[in-house]
Structure formats: C-alpha cells, structure tokens
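Below, each chain spelled out in residue letters.
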Amino acid sequence: MLYAAGAGLGVAPGQPAPVDHDSIVTFADAAERAGVRRFVMLSVMGADPAARYRDNPLVETFLRARGRADENLLSRSALATTVIRPAWFRDRPGTGMVHLAERTGVGDIAREDVAAVLATLLSTDSTSPRVLELIAGTTPIHDAVARHSPPRRPAPR
C-alpha cells in the first residue's frame, strides 16, 4: 500500500492539515485491519516531530506533523513500512538515476523518478522498517533500492 497524499503547509502555525498527519494514521489503521503488510510512505525531507524552521512557522508545522506520522508508521509491527523522504520535486523528465540513502544531503529530484522509486519499493518488503532520503543521483533505481535490501536466502531444499 502506498500513501502519497499531502496538503502542504496547512492553515495556521501549529495546526497541520489533517491529510498530513491524521489521515495517514487513519489510513494505516485501515491497512492493518485489512491485513495489508507492505506500506510505503511518501514523506518529505526534513520531517521530524521536533523540527525547527523559524523562518516559516507553517513549514515547521508541516514538517512536525509528517515526522509524527512517520514515527507512528514505523512503530507498527504489523506493517512493513518504508518511509521515503525526497528532496524538492522538480517538473522535468526523470532520468532513472537516483541517490537513495539514510542521509543524502541537499538536492532535488524529478517527480517521475520519485514515482519509479515508490513503485519499486512496493514490491520490496526487505527495505522495512526504514527511512530513506531520495535525491537525483547516478545509480539506477533498481540498484539503489537493492542496496537497501538484504541478500535473499536460498530456499531450503
């Protein structure tokens, strides 16, 4: 299952849009009740329940709400969760080449490449529970995801 909705900056400092926290938790509750195991969360780079962004209180509220939602998902043992935190999305053609890591540093990424990473992750349980950042890079998407997957054990004979 994939959660990729987001409202952005909300309406007032300290009041995140419900889609940036409450609906994520509700969606995860429904996934658990339905017996869904795989959960991929499209979050945002910088998401953190304690985020400080003094230049823009709305950004701070958004980052905190997403951080709380990410923590909620990662704490659920019934869900095999991978949280993806991409850098700034850009409206340009994808390259199929990314940098996917626990920490990437600053950068940006084409929306098309984000979508391709999400699709690849949906079929890769072994990347959970994990938080990964995503920016444009030089590694093919399949290889980038595979680097975060432990080797598969051979089937018993």
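The subject of this paragraph is the overall build of the protein chain. Tallying secondary structure elements over the protein chain gives four helices and eight strands in all. The helix and strand sequence of the protein chain, counted from the amino end, reads β-α-β-α-β-β-β-β-α-β-β-α. The C-alpha radius of gyration computed for the protein chain amounts to 16 Å, which stays within 12% of the reference 15 Å derived for 157 residues, consistent with globular compactness. If one aligns the C-alpha atoms of the protein chain with their principal axes, the spans along those axes are about 60 × 40 × 25 Å. Scored against the burial criterion, the 157 residues of the protein chain give a buried share of 40%. Within the protein chain, the 17 negative side-chain charges are centred at a point lying 5 Å from the centre of the 19 positive side-chain charges.

Looking now at the pattern of salt bridges. In the structure shown here, the tally under the stated rule is ten salt bridges. For aspartate 20, the salt bridge is made with arginine 66, and the minimal N-O distance between the two is 2.7 Å. Here arginine 66 lies in helix H2 (residues 57-74) and aspartate 20 lies in the loop between strand S1 (2-3) and helix H1 (22-33), a separation of 46 residues in the sequence. Taking the relative accessible area as the measure of exposure, aspartate 20 reaches 0% and is therefore buried. Judged by relative accessible area, which is 2%, arginine 66 ranks as buried. Two residues, glutamate 60 and arginine 52, come together in a salt bridge whose shortest N-O distance is 3.8 Å.

This part covers the packing of aromatic side chains. Enumeration over the complete set of coordinates arrives at two aromatic pairs. Ring plane angle 70 degrees and centroid distance 6.0 Å describe the contact between phenylalanine 27 and phenylalanine 39, whose orientation is recorded as edge-to-face. Separated by twelve residues along the polypeptide, phenylalanine 27 in helix H1 and phenylalanine 39 in strand S2 (residues 38-42) bring together distant segments of the chain. Residue classification places phenylalanine 27 among the partly exposed residues on the basis of a relative accessible area of 29%. Owing to a relative accessible area of 0%, phenylalanine 39 belongs among the buried residues under this scheme.

Conventions used here
Residues numbered from 1 in each chain as written. Predicted model: local features only at pLDDT ≥ 70, side-chain atom pairs only at ≥ 80, totals over all residues. Heavy atoms only, no water. Helix = DSSP H or I, 4+ residues; strand = E, 2+ residues; numbered from the N terminus. Rg over C-alpha atoms; globule rule 2.2 N^0.38 Å. Buried < 20%, exposed > 50% of the residue type's maximum accessible area, 1.4 Å probe, protein only. Lys, Arg positive; Asp, Glu negative; His and termini not counted. Charge placed at Lys NZ, Arg CZ, Asp CG, Glu CD. Salt bridge = Lys/Arg side-chain N within 4 Å of Asp/Glu carboxyl O. Phe/Tyr/Trp six-rings, centres within 6.5 Å; stacked < 30°, edge-to-face > 60°.

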